[in-house]
Amino acid sequence: MKRVAFLDSGLLGRVVNPGLLREIKPWIQFLKEQKIALRVAEITDYELRRNLMLEKLRKSINNLNKYRQTQRFIPITSEAMLEACEL
Amino acid sequence: MDSLDTITLLAFLAALMRLDNSLPADLQNQLNEIGKTFPSNVSKLHALAKSYSPLEQGYKNARLALQKDGERFRFALPEPDESSQLSDGKIIKFAIEVLNANDSVNLVKKADKESSLLGQFLFQLQRQTMSELGGVPVARPYPSREVESNISSDGWEEEEKSLDELLELVEEWEKIEYSSEEAEAFERVMERLKKE
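Residues numbered from 1 in each chain as written. Chains lettered and ligands numbered in written order. Predicted model: local features only at pLDDT ≥ 70, side-chain atom pairs only at ≥ 80, totals over all residues. Heavy atoms only, no water.

### Some words on the confidence of the model for chain A
For clarity, the cut-off: How sure the predictor is of each residue is captured by pLDDT, a score from 0 to 100. The helix and strand labels rest on DSSP assignments: H or I over at least four residues marks a helix, E over at least two residues marks a strand, and numbering proceeds from the N terminus.
Here chain A averages 83 in pLDDT, and 92% of its residues register 70 or above. Averaged pLDDT values over the elements of chain A bottom out at 75 in helix H5 (residues 78-85) of chain A and peak at 92 in helix H3 (residues 42-54) of chain A.

### Quick word on the packing of aromatic side chains
Aromatic ring pairs: the centre-centre distance and the angle between the two ring planes describe each pair. Threshold: Stacked, edge-to-face and tilted labels apply to pairs of Phe, Tyr and Trp rings (six-membered ring for Trp) whose centres lie within 6.5 Å, assigned for plane angles under 30 degrees, over 60, and everything in between, in that order. Burial classes follow relative accessibility: with a 1.4 Å probe on protein chains only, a residue under 20% of its type's maximum area counts as buried, one over 50% as exposed, and anything between as partly exposed. Note on criteria: charge over ring means Lys NZ or Arg CZ within 6 Å of the ring centre, with the direction from the centre no more than 35 degrees off the ring normal.
Under the counting rule described, the total for this entry stands at one aromatic pair over all chains. For the pair Tyr67 of chain A and Phe73 of chain A, a centre-to-centre distance of 5.9 Å together with 90 degrees between the ring planes defines the contact as edge-to-face. For Tyr67 of chain A, a relative accessible area of 1% gives the class buried. Residue classification places Phe73 of chain A among the buried positions, given a relative accessible area of 15%. The ring of Tyr178 of chain B is capped by Lys59 of chain A, whose NZ or CZ atom sits 5.4 Å from the centre of that ring. The ring centre of Phe73 of chain A lies 4.3 Å from the NZ or CZ of Arg68 of chain A, which sits over that ring.

### Things to note about helix H10 (residues 180-195) of chain B
Defined as follows: Working rule for helices: expected span equals 1.5 Å times residues minus one. Arc definition: it is the arc formed by the directions from the helix axis to the C-beta atoms. In what follows, residue pairs with any heavy atoms lying within 4.5 Å of each other are defined as contacts.
Compared with the 22 Å implied by 1.5 Å per residue over 16 residues, the 23 Å span of H10 of chain B between its first and last C-alpha is a close match. Considered for burial, the residues of H10 of chain B that qualify are Glu182, Ala185, Phe186, Val189, Met190 and Leu193 of chain B. Each buried residue of H10 of chain B sits inside an arc of 145 degrees when the element is viewed along its axis, so together they form one side. Along H10 of chain B, the residues that are exposed and aim more than 90 degrees away from the buried face are Glu181, Glu187, Lys194 and Lys195 of chain B. Packed against the buried residues of H10 of chain B are helix H1 (9-16), H3 and helix H4 (58-70) of chain A.

### Things to note about the packing of H1 of chain A against H10 of chain B
Put simply, the test is: To get an axis, fit a line to the C-alpha atoms, keeping to the stretch in contact for a helix; angles then go from 0 to 180 degrees between the N-to-C directions. Orientation categories follow fixed angle ranges, with anything under 35 degrees roughly parallel, anything over 145 roughly antiparallel, 65 to 115 roughly perpendicular, and all other angles oblique. By convention the crossing between two helices is left-handed if the near helix lies anticlockwise of the far one by an angle smaller than a right angle, and right-handed if it lies clockwise.
Here H1 of chain A crosses H10 of chain B at 160 degrees, and the two axes come no closer than 9 Å. Judged by the angle between their axes, H1 of chain A and H10 of chain B are roughly antiparallel. As for how H1 of chain A packs across H10 of chain B, the hand of that crossing is left-handed. The residues of H10 of chain B that touch H1 of chain A, namely those facing Ser9, Gly10, Gly13 and Arg14 of chain A, are Phe186, Met190 and Leu193 of chain B.

### Points about the side chain of Arg63 of chain B
All names here are of chain B. The cut-off we apply is this: His is not counted here, nor are the chain ends, while Lys and Arg score as positive and Asp and Glu score as negative. Here, a salt bridge means any Lys or Arg side-chain nitrogen found within 4 Å of an Asp or Glu carboxyl oxygen. As used in this structure description, the phrase polar contact means that two N or O atoms lie within 3.5 Å; if the pair is within protein, one of them must be able to donate a hydrogen and the other to accept it, and residues adjacent in sequence are counted only when both atoms belong to side chains.
When you line up the elements, Arg63 lands in helix H4 (residues 53-69). For the buried residue Arg63, which engages in no salt bridge, the nearest side chain bearing the opposite charge is Asp5, 7.2 Å off. At 2.7 Å, the side chain of Arg63 and the side chain of Thr8 are in polar contact. Not counting the four nearest positions on each side in its chain, Arg63 is found in contact with Leu4, Ile7, Thr8, Ala11 and His46.

### A few points about the nonpolar core
Short version of the rule: Note on terminology: a nonpolar core comprises buried Ala, Val, Leu, Ile, Met, Phe, Trp, Tyr and Cys residues joined through side-chain atoms within 4.5 Å.
The biggest cluster of nonpolar side chains holds 36 residues, and the ones touching the most others in it are Phe12, Leu16, Leu23, Leu45 and Leu55 of chain B. Residue assignment for this core shows that the elements contributing at least two residues are helix H1 (3-17), helix H2 (25-36), helix H3 (44-50), H4, helix H5 (88-99), helix H6 (104-113) and helix H7 (117-131) of chain B. Here the element with the most residues in this core is H1 of chain B; it accounts for ten residues. With 30 residues, the next largest nonpolar core counts Ile36, Ile61 and Phe73 of chain A together with Leu166 of chain B among its residues.

### A few points about the pattern of salt bridges
Tallying each qualifying case throughout the model produces 13 salt bridges over all chains. Here Glu159 of chain B and Arg39 of chain A are joined by a salt bridge, their closest N and O atoms 2.9 Å apart. Highlighted residues: Glu159 of chain B in helix H9 (residues 156-173) and Arg39 of chain A in strand S2 (residues 36-41), drawn from two different chains. Classification of Glu159 of chain B as buried rests on a relative accessible area of 2%. Judged by relative accessible area, Arg39 of chain A falls into the buried class, the value being 1%. Arg68 of chain A is the partner of Glu42 of chain A in a salt bridge, and the nearest nitrogen-oxygen pair spans 3.1 Å. Within this pair, whereas Glu42 of chain A is found in helix H3, its partner Arg68 of chain A is found in helix H4, the two being separated by 26 residues in sequence. Taking relative accessible area as the criterion, Glu42 of chain A reaches 25% and is therefore assigned partly exposed. Taken together, the salt bridges that share partners define one network made up of Glu42, Asp45, Arg49 and Arg68 of chain A.

Spelled out as structure tokens, the structure:
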């Protein structure tokens, strides 16, 4: 089984705004070298997107849209919600 | 609508969002009938919810939470200015659409996933009516079983390709220039995310 890194909304914000926070690229390279998969929960996209929209940060929202097209998201399901209670 | 009708309506919408399947045809028809005379028969939603067991508990829980908290959740949405607020008229318009839909459950769930103000409103409604009931976490669900099955079915090559694509995107994004106002706005975003 592979190891998995989950992005929370703060990290996802850093990934889609590397022009403002430049330390994220070495971290992604590290994940690749260590063979660690990357995932984002749908709720994380929501948390970040909502805040970007409130601040009208169009460039960042465009980046987030591109991120969605290439990366994998974990959908919110009833099963996931119940399992989250146990963590 | 008076405040009780508002609570009934919102609790009903919250309960619909928690259903896994569409309503049975006869119940959907009853809902459509209430929708035709909206808002004069909103109170009938109460009886309707209690008549269908998969809906009943969610409705009761949501109603309790809303009664306890009044309409505070309406003001819990982070709003930078009045123009981005979801008006009562839009909420009522959406409620009418839900009540008159062919598949009310599907419609309300679809709207909940949207990144619009309505989606935010429904998410907030869902969070509010869940968090009051024993602290059910909705902020960051980590569905480990789904992740494990998803990842173990693919080879590492797919994951590596995905990370390479992301690195290319990051290189592209690093060239984007931001104004000082945008940088400040982004700092505010990061501060708010830390608090959430």
